[in-house]
Amino acid sequence: MAKLARELESEALKLLARERARLAQRLISSLEREVDADAEKLWRQEAERRLGEIKSGKVAGIPAEKVIRKARSSLR
């Protein structure tokens, strides 16, 4: 099994960045069988807190184009 895993890893590393990202996402998702209700609640609270900060003007949002450009640049 270890040999197969090494072979799969070697082949996966030959994929384009976008394909590797999709594969990584699917593999990680396959590990997340159970939903942690407490974690979900905390993330929801955090999202609401951040939204409140943006709406109040305490923090400024970043334009989506800038975020996407930075993400794409880091994937190269």
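The following refers to the structure shown. None of these values were measured; they are calculated from a predicted model.

### Points about the overall build of the chain
- The secondary structure content of the chain amounts to four helices and zero strands.
- Helices and strands in the chain line up, N terminus first, as α-α-α-α.
- Taking 2.2 N^0.38 as the reference for a compact globule, 76 residues should give roughly 11 Å; the C-alpha atoms of the chain span a radius of gyration of 18 Å, well beyond that estimate.
- For the chain, with 76 residues in total, the buried portion stands at 3%.
- Counting only carbon and sulfur atoms, one obtains 57% of the accessible surface of the chain, whose full area is about 7600 Å².

### Some words on a nonpolar patch on the surface
- On the surface, Met1, Leu4 and Leu8 cluster together to form a nonpolar patch covering roughly 380 Å² of accessible area.
- With respect to the helices and strands, Met1 occurs in the segment before α1 (2–12).
- Using a relative accessible area of 83% as the deciding quantity, one classes Met1 as exposed.

### A short note on the pattern of salt bridges
- As enumerated under the stated definition, the model contains four salt bridges in all.
- As a salt-bridge pair, Glu11 and Lys14 come within 3.1 Å of each other at their nearest N and O atoms.
- One salt bridge in this structure joins Arg49 and Glu53, with 2.7 Å as the shortest N-O distance. Here Arg49 pairs with Glu53, and both are found in helix α3 (residues 37–56), just four residues apart, close to one helical turn.
- Residue Arg49 is classed as partly exposed on the basis of its relative accessible area, which comes to 41%.

### Regarding helix α4 (residues 64–75)
- Counted at 1.5 Å a residue, the expected span for α4 with its 12 residues is 16 Å, and the 17 Å between its end C-alpha atoms agrees.
- Among the 12 residues in α4, zero count as buried, and that is only a small part of the element.

### Considerations on the environment of Glu34
- Within the secondary structure layout, Glu34 lies in the loop between α2 (17–31) and α3.
- Note on Glu34: relative accessible area 74%, which makes it exposed.
- Along the sequence, Glu34 and Glu19 sit 15 residues apart, while their C-alpha atoms lie 26 Å from each other.

Calculation rules
Residues numbered from 1 in each chain as written. Predicted model: local features only at pLDDT ≥ 70, side-chain atom pairs only at ≥ 80, totals over all residues. Heavy atoms only, no water. Helix = DSSP H or I, 4+ residues; strand = E, 2+ residues; numbered from the N terminus. Rg over C-alpha atoms; globule rule 2.2 N^0.38 Å. Buried < 20%, exposed > 50% of the residue type's maximum accessible area, 1.4 Å probe, protein only. Areas by Shrake-Rupley, 256 points an atom, 1.4 Å probe, with all protein chains shown as cover. Patch = residues over 30% accessible without salt bridge, like charges linked within 9 Å, V, L, I, M, F, W, Y side chains within 5 Å. Salt bridge = Lys/Arg side-chain N within 4 Å of Asp/Glu carboxyl O. Expected span 1.5 Å × (residues − 1).

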